[in-house]
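What follows is each chain in one-letter form.
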Amino acid sequence: MFVHVKDIDRAVNWYAKLFGVSVPPGPYDKVFSMQLNNLTLLLDAHRSDHFQPSELPLFTVSTEDVDQTYEYLNNNNIVIVGEIERFPDVSFVTLLDSEGNQIMIVQE
């Protein structure tokens, strides 16, 4: 998963907190690779002078319990866009990362 960011140090720490992973102390280079189970998150600040946050979700992350996830996000002062959206077979919540990019967390 590839995410453009403006401030690499802020983004590394934000994603580490969101996903509950430890990272070595910064400062970090323009690119940082974070292992998340069977997925690699690649944060890239190479074009930080031209950075624009995404207006649509960049990716989705699965959750077993969207209500519990919403509570976690809220308790950790993570910016939530709207409320949980619920449909018969899927529910999701959209949030903003430290750079203003949208991410969607989905329960199927």
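I will try to describe carefully the structure that is included in this document.

Cut-offs and rules
Residues numbered from 1 in each chain as written. Predicted model: local features only at pLDDT ≥ 70, side-chain atom pairs only at ≥ 80, totals over all residues. Heavy atoms only, no water. Helix = DSSP H or I, 4+ residues; strand = E, 2+ residues; numbered from the N terminus. Rg over C-alpha atoms; globule rule 2.2 N^0.38 Å. Buried < 20%, exposed > 50% of the residue type's maximum accessible area, 1.4 Å probe, protein only. Contact = heavy atoms within 4.5 Å. Areas by Shrake-Rupley, 256 points an atom, 1.4 Å probe, with all protein chains shown as cover. Expected span 1.5 Å × (residues − 1). Polar contact = N/O pair within 3.5 Å; in protein donor to acceptor, adjacent residues only side chain to side chain. Phe/Tyr/Trp six-rings, centres within 6.5 Å; stacked < 30°, edge-to-face > 60°. Pairing = 2+ DSSP bridges. Axes fitted to C-alpha atoms, helices over the stretch in contact; angles between N-to-C directions.

## Quick notes on the overall build of the chain
At step 1: From N to C terminus, the chain includes two helices and seven strands.
At step 2: Ordered by position from N to C terminus, the α and β elements of the chain give β-α-β-β-β-α-β-β-β.
At step 3: Here the chain has a C-alpha radius of gyration of 14 Å; the compact-globule value for 108 residues is 13 Å, and the two agree.
At step 4: When each of the 108 residues of the chain is scored for burial, the buried share is 39%.
At step 5: Nonlocal contacts in the chain, meaning residues at least 24 apart in sequence, comprise 50% of its contacts between residues at least 6 apart.
At step 6: Accessible surface, the chain as shown: approximately 6,800 Å² in total, 49% of it carbon and sulfur.

## Here we look at helix α1 (residues 8-19)
At step 1: Here α1 spans 16 Å end to end across 12 residues, near enough to the 16 Å set by a 1.5 Å rise per residue.
At step 2: Along α1, the residues classified as buried are Ile8, Ala11, Val12, Trp14, Tyr15, Ala16 and Leu18.
At step 3: Packing partners of the buried residues in α1 comprise β1 (2-4), β2 (31-36), β3 (39-44), α2 (66-75), β6 (91-96) and β7 (102-107).
At step 4: Two to three positions downstream of the cap, the backbone nitrogen of Asp9 sits 3.2 Å from a side-chain oxygen, assigning the N-cap of α1 to Asp7.

## So, the packing of aromatic side chains
At step 1: Inspection of every chain in the model, using the stated rule, returns four aromatic pairs.
At step 2: On the basis of an interplanar angle of 20 degrees and a centroid distance of 6.2 Å, the ring pair of Tyr15 and Phe19 is categorised as stacked. You can see Tyr15 and its partner Phe19 sitting in helix α1, four residues apart, about one turn around the helix.
At step 3: For Phe19, a relative accessible area of 24% translates into the label partly exposed.
At step 4: When the ring of Tyr28 is compared with that of Phe32, the centres are 5.0 Å apart and the planes differ by 70 degrees; the resulting orientation is edge-to-face.
At step 5: On the basis of relative accessible area, Tyr28 is assigned to the buried category, the value being 13%.
At step 6: Feature note: the residues Trp14, Tyr15 and Phe19 constitute an aromatic cluster, connected by ring pairs.

## A few points about the pairing of strand β5 (residues 80-86)
At step 1: As defined by bridge partners, β5 adjoins β6 across four bridges and the pair is classed as antiparallel. Paired with Ile80 across the bridge in β6 is Leu95.

## A closer look at the sheet that holds β1
At step 1: What the three strands build is an open sheet, ordered β1-β3-β2; its pairing is mixed. Two strands in the sheet have a free side with no partner beyond their single neighbour: β1 and β2. Neighbour to neighbour, the strand axes of the sheet diverge by 20 degrees on average, direction disregarded.
At step 2: Alignment of β2 against β3, held across six bridges, turns out to be antiparallel. Considered in β3, the bridge of Gln35 is made with Thr40.

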